[in-house]
Amino acid sequence: MTRIEIEGLRVIPTTEPPAEAARLVDDFTPELIDVGAHHLCPGCGEPIAMRSALEAVSELGLVQRTIGVFGIGCYTAFSNNLDVEVLQALHGRAPSLATGVKRAKPDTIVLTIQGDGDMVNEGLQEVIHAAARGESITCVMLNNGVFGETGGHLTATTVIGQRTKNTLEGRDPAAHGYPILLSNLLAQLEGAAFVARGAVNTAGNVARTKKMLLRALETQMARAGFSFVEILTMCPTGWFIETQEAPDYLAGNLAPVHATGILKDFAVETKAF
Ligand SMILES: Cc1ncc(C[n+]2csc(CCOP(=O)(O)OP(=O)(O)O)c2C)c(N)n1
Ligand code: SF4
Ligand SMILES: [Mg+2]
C-alpha cells in the first residue's frame, strides 16, 4: 500500500482507493453497531463519538432499555447502522420528542444525538426548556462548529476567526456575533444535573469523553435530572483542511473557546450515587 510521509508521520492516502485492502487486525465493532461501514468522511469525529455513546450504553447494561432520538446532520446516517431503536426528530426538536418518549415510557433510557447546527441554531429553545424542566433524559451535542452535512456553513458555535463556507475571511464578531457556549449556558439551569464537554481529537480525550457519557447515563438512571454531554468533533471537510490536520485544528481553534471538562455534576455535589 502506498504511504505518504508528512513530517515523519506515515499516513494512508485517502484521495484514491488503496492498491491492496487493509489488513483487519481485529474486529472492534461495538455490540450495538450492526453495520461497521459508513459513508461519513475520512477523519470525521462523529463516528468516534457515536461509538463512545454506544459503548457506554452497552457497558451499563442498557441495551434493551435504550431509545435514541436523532436530529438531522451527518451523524443521522448512523440511524440505519445501529441495533438500537431510533426515532427521527425534526431539526432541533429532539429534546422535546425525547421528553415525550420518557414520560410515556419512564423505564426507558432516552438518548438524543444532535449536531451544533441542529441543536443551537435550529432548536435552541428545545434543549434549554428540557434542561430547565429537569427532564430525565440525556442529550448529546456533536459540536464541529459548522453545518457539516450541508457544506460547512457557520453555526452559532463557530469560533471567532473560524473560516467557514459563508465566513471566508473568518467569523467576525462585528458582522456575525459571538459563539454560544451551550454547555456553560445549560450548567446554570437548576434542572441540569450533569453537564460536560469532551472531545474526540486524541485517545485521551476519547477516554475522558466516554467517562462523561457513562456519568450522564448514570444521572438519568438515578433520575437526578437532565444530563448533557457536548462533544467537540473533527470536520476536516467542513473546515476545508487536510484530514490529518483536523485533530490539531480542533485543539488550536475550537477547544480554547469551548473548553473541555465537567461543568456540573449533581452527584458529586450531593454525594448521590
Ligand atoms: C428545517 C430544515 N432546515 C435545513 C435543513 C438542511 N440541513 C440538513 S442537515 C443540516 C446541517 C446540520 O448541521 P449540524 O446539526 O451541525 O450537523 P453536522 O452535519 O455538522 O453533523 C441542515 C442545515 C433541513 N434538513 N431542515
Ligand atoms: S462533512 Fe464533516 S461532519 Fe459531515 S461526515 Fe464529513 S467530516 Fe463528518
Ligand atoms: Mg455541525
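Counting restarts for each chain: residues are numbered from 1 in the order of the written sequence. Ligands are numbered from 1 and chains lettered from A, in the order in which they are written. Since the coordinates come from a predicted model, pLDDT governs what is reported: local features require at least 70, and pairs of side-chain atoms require 80 or more to be given and counted, while whole-chain, interface and lining totals use all residues. Only hydrogens and water are set aside when side-chain values are computed; all heavy atoms of the structure are taken into account.

Chemist: Got a minute to help me understand the site of ligand 1 in this structure?
Modeler: Neighbouring residues are identified by heavy atoms, a residue being near a molecule or strand if any of them is within 4 Å of it. Ligand 1 sits among 17 residues. The nearest are Glu-46, Gly-117, Asp-118, Gly-148 and Glu-149. Think of a polar contact as two N or O atoms within 3.5 Å of one another; within protein, one of them needs to be a possible hydrogen donor and the other a possible acceptor, and neighboring residues in sequence only count if both atoms come from side chains. Here an oxygen atom of ligand 1 sits 2.8 Å away from a polar atom, N or O, in the main chain of Gly-117. Here an oxygen atom of ligand 1 sits 2.7 Å away from a polar atom, N or O, in the main chain of Asp-118. In the complex, 71% of the free accessible area of ligand 1, which totals 590 Å², lies under the protein chains. Helical segments are the DSSP runs of H or I of at least four residues, strand segments are the runs of E of at least two, and each set is numbered from the N terminus. Going through the elements one at a time, α3 (116-121) and β7 (146-147) are the ones with two or more residues in the shell around ligand 1. Here the shell around ligand 1 takes 3 residues from α3, the largest share from any one element. Residue polarity is assigned by list, with Asp, Glu, Lys and Arg as charged and Ala, Val, Leu, Ile, Met, Phe, Trp, Tyr, Cys and Pro as nonpolar; anything else, Gly included, falls into the polar class. Residues belonging to the shell around ligand 1 are distributed by class as follows: 5 nonpolar, 7 polar and 5 charged. Only the protein chains shown count as cover for residues, and all accessible areas are computed by the Shrake-Rupley method using a 1.4 Å probe.

Chemist: For this particular structure, what's the right way to read the pattern of salt bridges?
Modeler: Pairs may arise between side chains of opposite charge once their charged atoms sit close together. Put simply, a salt bridge is a Lys or Arg side-chain nitrogen that is within 4 Å of an Asp or Glu carboxyl oxygen. Evaluation of the coordinates by the stated rule reveals 10 salt bridges. The shortest N-O distance in the salt bridge between Glu-55 and Arg-51 comes to 3.0 Å. Of the two residues, Glu-55 and Arg-51 are both situated in helix α1 (residues 46-59); the distance of 4 residues between them amounts to about one turn of the helix.

Chemist: Is there a simple way to explain the side chain of Gln-114 in this structure?
Modeler: Turning to its location among the elements, Gln-114 is positioned in strand β5 (residues 109-115). Here the term buried applies to any residue with accessible area under 20% of the maximum for its type, exposed to any over 50%, and partly exposed to those in between, with areas from a 1.4 Å probe on protein chains only. With relative accessibility at 0%, the residue Gln-114 sits in the buried group. Polar side-chain contacts of Gln-114 include one of 2.7 Å to the side chain of Asp-118. Only heavy atoms matter for contacts: two residues are in contact if any of them lie within 4.5 Å across the pair. Not counting the four nearest positions on each side in its chain, Gln-114 is found in contact with Gly-71, Tyr-75, Gly-92, Ala-94, Pro-95, Met-119, Val-140, Met-141 and Leu-142.

Chemist: Looking at this structure, how should I read α1?
Modeler: Helical geometry note: an α-helix holds 3.6 residues per turn, so side chains three or four residues apart project in the same direction. Residue count minus one, scaled by 1.5 Å, sets the expected span of a helix. With 14 residues, α1 extends 20 Å from end C-alpha to end C-alpha; this agrees with the ideal 20 Å at 1.5 Å per step. With respect to burial, α1 is a largely interior element, 10 of its 14 residues being buried. Burial in α1 covers these residues: Glu-46, Pro-47, Ala-49, Met-50, Ser-52, Ala-53, Leu-54, Ala-56, Val-57 and Ser-58. Its buried side turned inward, α1 meets β3 (66-70), β5, β6 (138-143), α7 (203-221) and β10 (226-232).

Chemist: Explain the coordination of the magnesium ion (ligand 3) here, please?
Modeler: A metal bound by six donors in octahedral fashion has ideal angles of 90 or 180 degrees, whereas one bound by four tetrahedral donors has an ideal angle of 109.5 degrees. Coordination here is defined by N, O and S atoms within 2.8 Å of the metal (3.2 Å for Na, K and Ca), and since water is not considered, a site can look incomplete. Those protein atoms acting as donors to the magnesium ion (ligand 3) are Asp-116 (OD), Asn-144 (OD1) and Val-146 (O), and they sit at 2.1 to 2.2 Å. Read in sequence order, the donor residues for the magnesium ion (ligand 3) give the motif D-x27-N-x1-V. Neither residue differs from the other here; Asn-144 and Val-146 are each classed as buried.

Chemist: Can you help me understand the layout of surface pockets in this one?
Modeler: Picture a little ball the size of a water molecule; that probe, rolled over the atoms, points out where space is still empty. We place a 1 Å grid over just the protein atoms. Points where a 1.4 Å probe fits but has no way out form a cavity, open points with protein on both sides within 12 Å along at least 5 of 7 lines form a pocket, and any residue with an atom within 4 Å of a point lines it. Grid points are joined across faces, edges and corners, and a volume is the space filled by probe spheres set on the points. Reported here for the largest pocket is a volume of approximately 420 Å³. What lines the largest pocket is a set of 14 residues, among which Gly-43, Cys-44, Ile-48, Met-234 and Thr-243 lie closest to the centre.

Chemist: I keep staring at the packing of aromatic side chains and nothing clicks. Help me out?
Modeler: Each aromatic ring pair is summarised here by two numbers: the centre-to-centre distance and the angle between the ring planes. Each pair of aromatic rings taken from Phe, Tyr and Trp, with Trp reduced to its six-membered ring, is defined by centres within 6.5 Å and is described as stacked if the planes are under 30 degrees apart, edge-to-face if over 60, and tilted in the remaining cases. Going through the model one piece at a time under the given rule, you end up with 3 aromatic pairs. Aromatic pair Phe-226 and Phe-228: ring centres 6.4 Å apart, planes at 15°, arrangement stacked. Looking at Phe-226, the relative accessible area reads 0%, which means it is buried. Since its relative accessible area comes to 0%, Phe-228 is described here as buried. Both rings, one in Trp-239 and one in Tyr-249, keep their centres 4.8 Å apart while their planes meet at 35°; by these two values the pair is tilted. With a gap of 10 residues between them, Trp-239 in helix α8 (residues 236-239) and Tyr-249 in helix α9 (residues 246-254) connect regions that are remote in the sequence. Look at Tyr-249 and you get buried, because its relative accessible area is 17%.

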